[in-house]
Amino acid sequence: MSKISDLSRKREVISFAAGEPDPSVLPRKIFGELMKEVFEKVELVGNYTPADGAFELREEIAKFMKKYDDVKTDPNKIVVTIGGSQALDLLGRIFLDAGDIAISESPSYVNTLIDWKQYGARIVGVPVDDSGMITDELEKTVKKLKGERKRVKLVYTIPTGQNPSGVTMIEERRKHLLEIASQYDLILVEDTAYNHLLYEGQPPKTLRSMDKEGRVIYSGTFSKILGTGLRIGWLEGPSEVMDLIKMVKGPTDMCASTPMQYLVIESLRRGIFEDAKKKALENYKMKRDIMIKSIEEKLKGLKFTKPIAGMFILVWLKKGMDGYAFAEELLEKKGVAVVPAAAFYTDDSGKEVIRLNFSMVPPEKIEKGISSIAELLGF
Ligand SMILES: *Cc1c(COP(=O)(O)O)cnc(C)c1O
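Residues numbered from 1 in each chain as written. Predicted model: local features only at pLDDT ≥ 70, side-chain atom pairs only at ≥ 80, totals over all residues. Heavy atoms only, no water.

### Observations concerning the domain arrangement of the protein chain
Moving on, step 1. Under the domain assignment used here, the protein chain contains domain 1 (2-26 + 274-377) and domain 2 (44-271).
Moving on, step 2. A separation of 25 Å is found between the C-alpha centroids of domain 1 and domain 2.
Moving on, step 3. The partner domain 2 presents 35 residues to the 28 residues of domain 1 that form the contact.
Moving on, step 4. For the pair domain 1 and domain 2, the summed buried surface comes to about 2600 Å²; carbon and sulfur atoms form 62% of the total.
Moving on, step 5. Applying the counting criterion to the domain 1 and domain 2 interface returns 2 salt bridges. (Domains from an automatic or database assignment. Contact = heavy atoms within 4.5 Å. Buried area = accessible area lost by both parts, 1.4 Å probe. Salt bridge = Lys/Arg side-chain N within 4 Å of Asp/Glu carboxyl O.)

### Quick look at the packing of aromatic side chains
Moving on, step 1. Counted by the stated rule, this structure contains 11 aromatic pairs.
Moving on, step 2. Measuring from centroid to centroid gives 4.9 Å for F222 and W234, while their planes differ by 35°, and the two rings are tilted. Of this pair, F222 sits in the loop between β8 (216-221) and α10 (223-226) while W234 sits in strand β9 (residues 233-236), and the two are 12 residues apart along the sequence.
Moving on, step 3. The structure contains a cluster of three or more aromatic residues connected by ring pairs, namely F64, Y68, Y218, F222, W234 and F273.
Moving on, step 4. Here the basic side chain of K303 rests over the ring of W316, its NZ or CZ set 4.1 Å away from the ring centre.
Moving on, step 5. Positioned above the aromatic ring of F379 is the side chain of K318, whose terminal nitrogen or guanidinium carbon lies 4.8 Å from the ring centre. (Phe/Tyr/Trp six-rings, centres within 6.5 Å; stacked < 30°, edge-to-face > 60°. Helix = DSSP H or I, 4+ residues; strand = E, 2+ residues; numbered from the N terminus. Lys NZ or Arg CZ within 6 Å of the ring centre and 35° of its normal.)

### Some details on unusual backbone geometry
Both trends apply: most residues other than glycine have a negative phi, and most peptide bonds are in trans.
Moving on, step 1. Here S106 and P107 are connected by a cis peptide whose omega angle stands at 10°.
Moving on, step 2. Structurally, P107 can be placed in the loop between β3 (101-106) and α6 (110-118).
Moving on, step 3. Cis rather than trans, the peptide bond between N163 and P164 has omega equal to 15°.
Moving on, step 4. Within the element layout of this structure, P164 appears in the loop between β6 (152-157) and α8 (171-184).
Moving on, step 5. The backbone of D185 sits at a positive phi, close to 55°, despite the residue not being glycine.

### Some remarks on the packing of helix α14 (residues 323-334) against helix α15 (residues 363-376)
Moving on, step 1. At their nearest, the axes of α14 and α15 sit 11 Å apart, and the two run at 115° to each other. Judged by the angle between their axes, α14 and α15 are roughly perpendicular. Taken as a pair, α14 and α15 cross one another with a handedness that is right-handed. Seen from α14, the contacting residues are F326, E329, L330, K333 and K334; seen from α15, they are S372, I373, E375 and L376.
Moving on, step 2. For the contact of α14 with α15, the per-class residue count stands at 4 nonpolar, 1 polar and 4 charged. (Axes fitted to C-alpha atoms, helices over the stretch in contact; angles between N-to-C directions. Parallel < 35°, antiparallel > 145°, perpendicular 65-115°, else oblique. Left-handed = near helix turned anticlockwise from the far one by under 90°. Nonpolar A, V, L, I, M, F, W, Y, C, P; charged D, E, K, R; others polar.)

### Observations concerning the UniProt feature "domain: Aminotransferase class I/classII large" (unreviewed entry) in the protein chain
Moving on, step 1. Following the UniProt record, one finds the feature "domain: Aminotransferase class I/classII large" (unreviewed entry) at residues 13-373.
Moving on, step 2. The span residues 13-373 is 46% helix and 16% strand, and its two end C-alpha atoms sit 13 Å from each other. (UniProt positions renumbered as here; feature names shortened; annotations may be inferred.)

### Regarding the pattern of salt bridges
Moving on, step 1. Per the counting criterion, the structure on display carries 33 salt bridges.
Moving on, step 2. A salt bridge links K36 to E40; the shortest N-O distance between them is 3.0 Å. You can see K36 and its partner E40 sitting in helix α2 (residues 28-40), 4 residues apart, about one turn around the helix. With respect to class, K36 is no different from E40; both count as exposed. (Buried < 20%, exposed > 50% of the residue type's maximum accessible area, 1.4 Å probe, protein only.)

Shown next as structure tokens:
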């Protein structure tokens, strides 16, 4: 991976390797004006906020969750974090000890898997298909672990626009997942990083909104709409959990950046988030469509995911191929960067899979990049 990023810096490459919003759709000019306002207020630069975040931001996030997720919550059950990354790390910190088991989709977001392993957890994967996590497989896995007297501490899912697969879990599976959680007394972590990048249909109900038993902990972030550099996310969940989170968070960071918290407050209050979301949807949907069409035309017969949400498409190379070797050769010979997806899998079933990002690449380069992949594959 580091070799890939070194090379991408050295010469002009077409990069399908990103995981970030397109800087050209971010409201950078408005942010500049807002930052001037924010930085002129000494209390917003010279002061910490409470460790769980500025009260006004927690209030805005509660409104946000009411508006978009139909979730009624209150600011005291919300903790503002340094991105979704810290939200997920804090969950690892309070829930996971050496030898504990956490279940995730396979493939899943590699940073969470790595982070939770750092707390000593063993990650058990449940496969994903075009309808999301295969919940029948989850049930089998949980039963088997129970038979071995092993307790599952957390079940991690990215139900909408999953990273890396791009897949969105259908409602039936969401219901089933909650039923399984209820039956086996499980705690679910719902990572909503891509919930606002939905290109087709009505927003699926969040697990959090369907949960009647307080089993779902909601992890949110503004990164994928307002910019990953802001580093503002949040956790929302049952009071018992959030009280523990508040206890451990303060000593680690004091608080998330005060000016950035206020930038987000104003972005929510003044409709900047809503505008940025609209722009992002238009831009990424267009690029997604070009990428899917190119793959269908140029990589005939290869299996790939067709996301209705998120930023990523997975492509299965020919059986037996090695995604790492392919990605290296592709970069060296063709100047196209992709991410080998093996690390996202909890077992070795993803060796021949690569991940393509469509949010960051300029639209006019997509077809050329896919053609290069096709050439190297001998199409
Ligand atoms: C990007 C991402 C996050 C969090 O990113 P932050 O920038 O730390 O908010 C969390 N989960 C998934 C699946 C992501 O792709």
